[in-house]
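As a plain string of letters, each chain reads:
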Amino acid sequence: MFIDTHAHLNYPDILSKLDEVLSRAQDAGVEKIIVPATTYQTSLQIAELVQKHDMLYGAVGIHPTELKDFDESHLRGIEELARQSKIVAIGEIGLDYYWEPYDKELQQRILKEQFRIAKQECLPVIIHNRNSTADLMALVKEEYDEGKLKGQFHSFSAGIEEARQCTEMGFCISFTGNITYKPNDSTLLAYEIVKITGIDNLLLETDTPYLPPVPFRGKQNEPSFIKHTAEKIAELKRISVEELGKITTLNARRLYGI
Ligand SMILES: [Zn+2]
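Cut-offs used in this document
Residues numbered from 1 in each chain as written. Predicted model: local features only at pLDDT ≥ 70, side-chain atom pairs only at ≥ 80, totals over all residues. Heavy atoms only, no water. Buried < 20%, exposed > 50% of the residue type's maximum accessible area, 1.4 Å probe, protein only. Helix = DSSP H or I, 4+ residues; strand = E, 2+ residues; numbered from the N terminus. Arc of directions from axis to C-beta. 1 Å grid on protein atoms, 1.4 Å probe; cavity = no way out; pocket = protein on both sides within 12 Å on 5 of 7 lines; lining within 4 Å. Points joined across faces, edges and corners; volume = space filled by probe spheres on them. Nonpolar A, V, L, I, M, F, W, Y, C, P; charged D, E, K, R; others polar. Pairing = 2+ DSSP bridges. Axes fitted to C-alpha atoms, helices over the stretch in contact; angles between N-to-C directions. Contact = heavy atoms within 4.5 Å. Salt bridge = Lys/Arg side-chain N within 4 Å of Asp/Glu carboxyl O.

In this structure, what is going on with helix α2 (residues 18-27)? I would like to understand it.
Every buried residue belonging to α2 is among Leu18, Val21, Leu22 and Ala25, and all of these are buried. One side of α2 holds all its buried residues, which, seen down the axis, span an arc of 95 degrees. More than 90 degrees from the buried face of α2, the exposed residues found are Asp19 and Asp27. Among the residues trailing α2, Gly29 stands out with phi positive, at a value near 90 degrees.

What am I meant to see in the layout of surface pockets here?
Take a probe with the size of a water molecule and roll it over the atoms, and the empty space left behind shows itself. When its volume is computed, the largest pocket comes out at roughly 670 Å³. For the largest pocket, the lining is made up of 29 residues, of which His128, Arg130, Ser155, Asp207 and Leu211 are closest to its centre. For the lining of the largest pocket, the element with the most residues is helix α8 (residues 185-196), which contributes five residues. A per-class count over the lining of the largest pocket returns eleven nonpolar, 13 polar and five charged.

How do you make sense of the sheet that holds strand β6 (residues 151-153) when you look at a structure like this?
Working definition: the strands of a sheet are paired by backbone hydrogen bonds and lie parallel or antiparallel to each other. Read from one edge of the open sheet, eight strands run β1-β2-β3-β4-β5-β6-β7-β8, paired in parallel fashion. Edge positions in the sheet fall to β1 (2-4) and β8 (202-204), since each has one partner strand and no second. Neighbouring strand axes in the sheet, compared pairwise and without regard to direction, differ in orientation by 30 degrees on average. Pairing of strand β2 (residues 30-36) with strand β3 (residues 56-60) involves four bridges; the strand directions are parallel. Residue Ile33 lies in a different strand from β3, and its bridge partner there is Leu56. Running over the sheet, α2 touches β2 and β3 and is turned about 135 degrees from β2.

Could you clarify how one ought to interpret the side chain of Gln152 in this entry?
Tracing the chain through its elements places Gln152 in strand β6. Not counting residues up to four positions away in its chain, the partners in contact with Gln152 are Thr5, Val125, Ile126, Ile127, Phe171, Cys172, Ser174, Leu203, Leu255 and Tyr256.

Which parts of the structure should I look at to understand the pattern of salt bridges?
Pairs can form between side chains of opposite charge whenever their charged atoms are close. Going through the model one piece at a time under the given rule, you end up with 13 salt bridges. In this structure, the salt-bridge partner of Arg83 is Glu79, at a minimum N-O distance of 3.3 Å. The residue Glu113 makes a salt bridge to Arg109 at a minimum N-O spacing of 3.5 Å. Taken together, the positions of Glu113 and Arg109, both in helix α5 (residues 104-120) and four residues apart, correspond to about one turn of that helix. With a relative accessible area of 31%, Glu113 lands in the partly exposed category.

Next comes the structure, spelled out in structure tokens:
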């Protein structure tokens, strides 16, 4: 009934109890989970992990905050891994101008290279954005190629106008458990964006182990908690959580070919 499109299940403190986490996810109606990489090393690890578990699919890529040990050979490695059958996306990739020090130029170059790998391999991208909306939107538009670039803006953090532009280009967007938090400026903006976004452009995600939904704040997030985020989004869309689960699952299947 649900697809969790973003869960970092390869982190050591989740990996050590993965069987329990996956069985709780199944009990909660999660049928498939996409595990995004953040480095070349984790891309290799995830490509292997998804071979061992039916319900897992992987994304390979280099995260903008993980460029310290970047080497050009990593891009060739990512390109090769992208051809494996259970690798369904290039991600998580993007821009991050929050964690200092950051190198805007390097981040943009690596993002561009990974957009090109995605287009060449006909795979969608999973996009991360923190304090970098203007540069990111400019790059996405530049590399859009009349729809050859497609994908998901995960943990959406831009504004209403950008949400509109993303969905006009055919991208999907998703929110994490933070949409269930007490209304503040960013929650209220997220409500607005969910309301104006076409339901065919919405996906569900947990961003495990971060941002657990209410009532699990302070705990380690996991895919089985996805229902609480889904309930909030269903309420905003004025449909049942079953209907929302069904539609967002179809959206994820269509985008990622799973
Ligand atoms: Zn993530």
